[in-house]
Amino acid sequence: MPAQDRQHPAADRLDDDHHPAYTMGRAAEVIGATPGFLRALGEAGLITPTRSEGGHRRYSRHQLRLALRAREMVDQGTPIEAACRIIGLEDQLAEALRVNAELRVEGEPRVNEEPRGRTKS
């Protein structure tokens, strides 16, 4: 098997948006905030970091995007609790739209197949 066809087991995690890859310090640095801000987002229920075996918080890229959006809103004067609520609802809506689109594709008739609900006469 060629070397490029063999994939390291950890390679899948590089593409996993929900893999908890960032420590609190690195996550805070990436979004330009403080560790205290990340803790406040956790207390407000926007993000729930994974805990390492040693009990340290770990954040995913998805969580960092949510935290960055929260930081931007707070910087514009939105209270942190309101920002977290808005972002949580936006995230839920995006997920519902994604699932809906997948279901719609699954429900489309295939080539040479009659649409559902119709019968050939």
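Now for a quick tour of the structure. (Residues numbered from 1 in each chain as written. Predicted model: local features only at pLDDT ≥ 70, side-chain atom pairs only at ≥ 80, totals over all residues. Heavy atoms only, no water.)

### Describing the sheet that holds strand 2 (residues 50–51)
The strands making up a sheet associate through hydrogen bonds between their backbones, and the pairing can be parallel or antiparallel. The test is simple: A strand pair is defined by DSSP finding two or more bridges across the two strands. Helix and strand definitions follow DSSP, with helices as H or I runs of at least four residues and strands as E runs of at least two, each counted in order from the N terminus. Between two residues, a contact is recorded if the distance between any of their heavy atoms is within 4.5 Å. Lines fitted to C-alpha atoms define the axes, with helix axes restricted to the stretch in contact, and inter-axis angles between N-to-C directions lie between 0 and 180 degrees.
If you walk across this open sheet you meet the three strands as 1-3-2, and the pairing is antiparallel. Looking at strand neighbours, the two that pair on one side only are strand 1 (22–23) and strand 2, the edges of this open sheet. The strands touched by helix 4 (residues 61–75) are strand 1 and strand 3 (57–59); relative to strand 3, the strand with the most contacts, the crossing angle is about 85°.

### Some points on the side chain of Gln63
For clarity, the threshold we go by: Only protein chains enter the area calculation, which uses a 1.4 Å probe; residues under 20% of their type maximum are buried, those over 50% are exposed, and those in between are partly exposed.
Position of Gln63 relative to the elements: it lies in helix 4. With relative accessibility at 12%, the residue Gln63 sits in the buried group. Those residues in contact with Gln63 that lie beyond four places of it in its chain are Ile47, Thr48, Pro49 and Arg58.

### Overview of the packing of helix 3 (residues 35–43) against helix 4
This is how it is decided: By the definition adopted for this analysis, an angle is roughly parallel if under 35 degrees, roughly antiparallel if over 145, roughly perpendicular if from 65 to 115, and oblique otherwise. Asp, Glu, Lys and Arg are counted as charged, while Ala, Val, Leu, Ile, Met, Phe, Trp, Tyr, Cys and Pro are counted as nonpolar; the rest, among them Gly, fall into the polar class.
Here helix 3 crosses helix 4 at 100°, and the two axes come no closer than 11 Å. Between helix 3 and helix 4, the interaxial angle falls into the category roughly perpendicular. Two secondary-structure elements touch here, helix 3 through Phe37, Leu38 and Leu41 and helix 4 through Ala67, Ala70, Arg71 and Val74. Among the residues forming the contact of helix 3 with helix 4, the class breakdown is six nonpolar, no polar and one charged.

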